[in-house]
Amino acid sequence: MPHISSHAKIGQNVRIAPTAIIHDNVIVGDGCDIQDFCILGTPTGGENAGKPLILHNNSIIRSHSILYEGSTFGENLHVAHSCVLRDGITAGSHLSVGNFSDLEGNCVIGDYCRFHSQTHIGRGCKIGNLVWIYPNVVLTNDPLPPSTLEIGVTVEDGCVICTGSVILPGAHLGKGSFVAALSRAKGAIPPVRIVAGFNGEITGTIDKLRHRASNKQHPWPNHFARYPDSAQPMIKALGEALAAELEKL
Amino acid sequence: MPHISSHAKIGQNVRIAPTAIIHDNVIVGDGCDIQDFCILGTPTGGENAGKPLILHNNSIIRSHSILYEGSTFGENLHVAHSCVLRDGITAGSHLSVGNFSDLEGNCVIGDYCRFHSQTHIGRGCKIGNLVWIYPNVVLTNDPLPPSTLEIGVTVEDGCVICTGSVILPGAHLGKGSFVAALSRAKGAIPPVRIVAGFNGEITGTIDKLRHRASNKQHPWPNHFARYPDSAQPMIKALGEALAAELEKL
Amino acid sequence: MPHISSHAKIGQNVRIAPTAIIHDNVIVGDGCDIQDFCILGTPTGGENAGKPLILHNNSIIRSHSILYEGSTFGENLHVAHSCVLRDGITAGSHLSVGNFSDLEGNCVIGDYCRFHSQTHIGRGCKIGNLVWIYPNVVLTNDPLPPSTLEIGVTVEDGCVICTGSVILPGAHLGKGSFVAALSRAKGAIPPVRIVAGFNGEITGTIDKLRHRASNKQHPWPNHFARYPDSAQPMIKALGEALAAELEKL
């Protein structure tokens, strides 16, 4: 029957649903909420076997989600329903992961990233701070499928990857770049560029993204700041950095 | 352990699997079937908090699916496995939702709609009657991602959205329009048009869709009527309305 | 509460998690591992109702997955988390199915196939040996959606279908063909061709796929053989067959 391993370390004021399963190799910080039919600390093979799953304070794991051993997440992690987060992930604070997302492991993720539903992050990816990934996006890693090569994607701070896009193996998205929906991005994309279409062409810079009503435009920190107060200095710095990149052009 | 809240209102002849969880704020009609590892009435925040989840008669919720409080579905709802249906949905009768679909909430859906697997319906969408949505389709809602704007998609009666397509924020698909696979639709699409490709171009009208063997052609009510008898008047009226739109051209 | 039907036939050394559910109509071979919150033998209607679900030796079904009655899989099946495998599937040995995949049933699958996460295999498809299908790929089957026609896809031995592609109804992918990411393939594709883009154009042959560092090139059996020993004769024969197809051109 569902259970909490006596070897798991559970913090203060943690809510664990009666149907959740907590394996041996798990450390849960204070104030976390582990919901029904979740599994924490699924054993894995390979290089991360036997390493703990570490959740820091105030994290929420919604129902039916599975987190393997061997990954570490910063505080205020929010995992939605029916996600799989495998081993070897090192993530900063306030990561938000949408329903049915699949984080394949062995990746590095910065602070305040938001992945929407049904995203897929291949092994070996590197993702900066304040990155937005929308539904059905896939970050790939095999440059010659099928091969034994694994060349992940790098996504720098403040990038936005829109719905249904595929980032091809080894692509490097420069700071604040924006991938349009249903596009393929490949190679090195300089900062603050818009990438669009099957061939991943650069079609402009992000200051073209302007809301007709408000006349506010990207970089998105100009008009979006629905984050906790703790994020505001980082958002402000990102906005300045992206504005400086646009100035250079 | 799994449970049925004593505050939930359960109709006659309802089957509830022993591992299903029914929260407080749930009303289930007669003859429903709630399968294993489901959760009904997940609490939510915001405007729909505390409102009930209402399922009408003869609905089936397959295993591992999650329905939040604050939504109302007409009779004969069929939710397949591992779906998430959030708060603020008002749906007509005979809605069918495929495996792994994600209905983000705050949307209106008509009668006799069929969503296939892995569909994603963003908040703020409006969907008419007899609409078909195929696997991996996403209806988006943020016109300047990330922004605080939410401009959903409108899909009128009888539309067909094929596999892997993305409907861009604020798009309005006129009655009986057809979006080809892996396409992006945007803006206002007049009735009975075919939309195809990355740029969402109108490539013709739906009477072009003709089956070589039978020589039957769209509008689809000409050749498809595998619905309950109760739907036949609505299908007939749709077929006539779409034929009239084609006549006008 | 979770249970194992007394009518199910369970082999030797099978691990069944305490939260798994095994219905009546299930035969499980030796050495299998059935993980938490899985359901085996879900009853179905139609032509496959009442037929058993047969799992052969050494199969692994990871958590939250659902396998219907009426399907037969060869030994060493590996189903990842939260999959749905419906009725009427006949699969060879060593099939691997990634997280959130949806096999809709009534299909034939050869030996040593690997489907990645979030794949969708429509009813009526035929898939050969050693086929690779990457995340978010959909094999469709309705040539005039919505219709009552069902014309599945045929995928011959050694094909590779990259991330996010849609294979249109009735397509026939010849031996060793390769579909690029986010492409649509349709019609008859001769062997060893590369298909790319929205219009599914043939853009070359697979010997163009060359890794810059190692200078190894497709056909993939030239450089990839991370399979069990039992597969090596089949891989060698495939490599020779594909090389012979390339010679002919």
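Up top is the structure these notes are about.
Heads up: these notes are all about the structure in this document. (Residues numbered from 1 in each chain as written. Chains lettered and ligands numbered in written order. Predicted model: local features only at pLDDT ≥ 70, side-chain atom pairs only at ≥ 80, totals over all residues. Heavy atoms only, no water.)

This brings us to the relation of the copies chain B and chain A. Once chain B is rotated about the relating axis by 120° and shifted along it by 0.0 Å, it coincides with chain A to within an RMSD of 0.0 Å. Classification of the inter-copy transformation places it as that of a three-fold axis. (Least-squares fit on C-alpha atoms with pLDDT ≥ 70 in both.)

It is possible for side chains bearing opposite charge to pair when their charged atoms get close. If you walk through the whole model with that rule in mind, you get 18 salt bridges over all chains. Lys236(A) is the salt-bridge partner of Glu240(A), the closest N and O atoms lying 3.2 Å from each other. Taken as a pair, Glu240(A) and Lys236(A) lie in helix α1 (residues 232–248) at a separation of four residues, close to a single helical turn. Close ionic contact of Asp87(C) with Arg86(C) constitutes a salt bridge, the shortest N to O distance being 4.0 Å. A relative accessible area of 2% places Asp87(C) in the buried class. Judged by its relative accessible area of 24%, Arg86(C) is partly exposed. (Salt bridge = Lys/Arg side-chain N within 4 Å of Asp/Glu carboxyl O. Helix = DSSP H or I, 4+ residues; strand = E, 2+ residues; numbered from the N terminus. Buried < 20%, exposed > 50% of the residue type's maximum accessible area, 1.4 Å probe, protein only.)

Within the fold, Asn99(A) resides in the loop between β14 (96–97) and β15 (102–103). On the basis of relative accessible area, Asn99(A) is assigned to the buried category, the value being 4%. A distance of 2.9 Å separates a polar side-chain atom of Asn99(A) from the backbone nitrogen of His81(A). Not counting residues up to four positions away in its chain, the partners in contact with Asn99(A) are Ala80(A), His81(A), Cys83(A), Ser117(A), Gln118(A), Val84(B), Asp102(B) and Glu104(B). (Polar contact = N/O pair within 3.5 Å; in protein donor to acceptor, adjacent residues only side chain to side chain. Contact = heavy atoms within 4.5 Å.)

With that settled, the discussion passes to the interface of chain C and chain A. Quite often, the size of an interface is put as the accessible area lost when its parts meet. Taken residue by residue, the interface counts 38 residues in chain C and 37 residues in chain A. Approximately 2700 Å² of surface area, both sides summed, lies buried where chain C meets chain A, with 70% of it carried by carbon and sulfur atoms. Area buried by chain C at its contact with chain A is led by Phe37(C), Phe100(C) and Leu182(C), which between them contribute 21% of it. Put simply, chain C and chain A have zero salt bridges between them. There are nine residue pairs in polar contact (both at pLDDT 80 or more) connecting chain C and chain A. Split into classes, the residues belonging to the side of chain C that touches chain A amount to 17 nonpolar, 16 polar and five charged. (Buried area = accessible area lost by both parts, 1.4 Å probe. Nonpolar A, V, L, I, M, F, W, Y, C, P; charged D, E, K, R; others polar.)

What follows deals with the sheet that holds strand β26 (residues 178–179) of chain A. All names here are of chain A. Strand order across the open sheet formed by 11 strands is β2-β5-β8-β11-β14-β17-β20-β23-β26-β29-β30, with mixed pairing between neighbours. In this open sheet, the two strands that pair with only one neighbour each are β2 (15–16) and β30 (201–205). Relative to strand β5 (residues 33–34), β2 is paired through two bridges, and the arrangement is parallel. In the sheet register, Arg 15 faces β5, and the bridge partner there is Asp 33. (Pairing = 2+ DSSP bridges.)

Within the element layout of this structure, Thr42(C) appears in strand β6 (residues 39–42). When neighbours within four sequence positions are excluded, Thr42(C) is seen to be in contact with His23(C), Ile66(C), Leu67(C), Tyr68(C) and Glu69(C).

Residues and elements named next belong to chain A. This model, assessed by the stated rule, comprises 30 aromatic pairs over all chains. Ring geometry for Tyr 112 against Tyr 227: centres 5.9 Å apart, planes inclined by 90°, an arrangement best described as edge-to-face. Residue Tyr 112 is located in the loop between β16 (107–109) and β17 (114–115), and its partner Tyr 227 is located in the loop between β30 and α1; the two are separated by 115 residues in the primary sequence. When sorted by exposure, Tyr 112 lands in the same class as Tyr 227, which is buried. Pairing Trp 132 with Trp 220 gives two aromatic rings, centres 5.8 Å apart and planes at 80°, and the pair type is edge-to-face. Taken together, the residues span a long stretch of sequence, with Trp 132 in strand β20 (residues 132–133) and Trp 220 in the loop between β30 and α1 at a distance of 88 residues. (Phe/Tyr/Trp six-rings, centres within 6.5 Å; stacked < 30°, edge-to-face > 60°.)

Of the consecutive residues His218(A) and Pro219(A), the connecting peptide bond is found in the cis state with omega at 5°. Structurally, the position occupied by Pro219(A) is in the loop between β30 and α1. Each neighbour pair has its own omega, and for Pro145(C) with Pro146(C) the value is -10°, a cis peptide bond. Relative to the assigned elements, Pro146(C) resides in the loop between β21 (138–139) and β22 (154–155). Here Asn13(C), not a glycine, exhibits a phi torsion of approximately 55°, which is positive.

Bringing the interface of chain B and chain A into the picture now. Facing 37 residues of chain B, the contacting portion of chain A comprises 38 residues. Interface area, chain B with chain A, both sides summed: about 2700 Å², of which 70% is carbon and sulfur. Viewed at the interface, chain A and chain B are joined by zero salt bridges. Viewed at the interface, chain A and chain B are joined by nine residue pairs in polar contact (both at pLDDT 80 or more). Class assignment for the residues of the side of chain B that touches chain A results in 20 nonpolar, 13 polar and four charged.

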